[in-house]
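Working through the structure, step by step
Listed below, chain by chain, are the residues.
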Amino acid sequence: MSADISIADALFRPRSIALVGASGDANKHASLPHQYLRRHGYSGEIYPINARRESVLGERAFKSVSDVGRSVDHAFIMVPADAVFDAVSDCCRAGVRCATILSNGFAEAGESGRQRQVELVALAQAGGLRLLGPNSLGVINLVDGVALSANEVLSLPELRAGHYSLISQSGSLIGAVLSRGQERGVGFAKMISVGNEADLGVAEVGDMLVDDRDTHAILLFLETVRSAAGL
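Residues numbered from 1 in each chain as written. Predicted model: local features only at pLDDT ≥ 70, side-chain atom pairs only at ≥ 80, totals over all residues. Heavy atoms only, no water.

**Quick notes on the sheet that holds strand 6 (residues 98–101)**
Test applied: In this description, strands pair whenever DSSP reports at least two bridges between them. Secondary structure counts use DSSP, requiring at least four H or I residues in a row for a helix and at least two E residues in a row for a strand, with both numbered from the N terminus. Structural elements are reduced to axes, namely lines fitted to C-alpha atoms, with helices fitted over the stretch in contact, and the angle between N-to-C directions of any two is expressed from 0 to 180 degrees.
Read across the sheet, five strands follow the order 2-1-5-6-7 without closing on themselves; strand pairing throughout is parallel. On the outer flanks of this sheet lie strand 2 (45–49) and strand 7 (130–132), each paired with one strand and no other. Sheet twist, expressed as the mean angle between neighbouring strand axes with direction ignored, is 20°. Examined bridge by bridge, strand 5 (residues 74–77) and strand 6 share four bridges and lie parallel to one another. From the neighbouring strand, Phe76 faces strand 6, where its bridge partner is Thr100.

**Quick look at the sheet that holds strand 8 (residues 138–141)**
The line we're drawing: We call two residues in contact whenever any of their non-hydrogen atoms come within 4.5 Å of each other.
Taken in spatial order, the five strands line up as 9-8-11-10-12 in an open sheet, and their pairing is mixed. Lying at the two open borders of the sheet, with one neighbouring strand each, are strand 9 (146–149) and strand 12 (217–221). Each neighbouring strand pair of the sheet contributes to a mean axis angle of 15°, computed without reference to strand direction. Of the pairings in the sheet, the one linking strand 10 (residues 161–168) to strand 11 (residues 188–193) comprises six bridges and is parallel in character. Paired with Ile167 across the strands is Ile192, a residue of strand 11. The strands touched by helix 6 (residues 202–210) are strand 10, strand 11 and strand 12; relative to strand 10, the strand with the most contacts, the crossing angle is about 165°.

**Considerations on the pairing of strand 8**
Test applied: Type-normalised accessible area, obtained with a 1.4 Å probe on protein chains alone, sets the label of each residue: buried when under 20%, exposed when over 50%, and partly exposed for intermediate values.
Residues Gly138 and Ile140 line one face of strand 8 and the alternating positions Val139 and Asn141 line the opposite face, and both faces are buried. Between the antiparallel neighbours strand 8 and strand 9 lie four residues, among them Gly145 with a positive phi of about 70°.

So, in structure tokens, the structure goes:
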């Protein structure tokens, strides 16, 4: 169980990460978070979850998060939309603290997707799991080497850390800001793609950053305000 870790630490500084739907093909999108975590110096445990493979990118794979048998702080879910409910249920059984959902096909996809999203949040809340997303490109913590994202800007060999943190409703914008910042000598502490904000949103993540030791200024990129009172 990961109940002993705060949601902020599980989100930004997880001790262990499960990559649900991890691909063993280094050319596929679902392999990128695994590659980026290793490239940028993540020091925690990585558990690739792939029901069809014994190993992924040279590391032991597991059929489910529950099969890991050890505490998992953060799960990164990369499966198709119709498999997300099973993945979230598995994370709840395993006692995962929070999960980022890369998968799309929820509120951004119309009324049926909005209803699926409501049901997904209810499922997660019943199991004590907090969600980032769906439709989130992930979390980047440059200070602690947590490159938990499928954003291809992380293919850069080195990334400068700094004291600005960015919360963005656009996942692709994070890559643009990070790459241009690197060109100009501007570093970042944390960058968060909130996606659909089904559970964790701009206001709550921003409140975490207010208390973050490495964040001296918080930047926001907003296309809409989903929780005016919270903000």
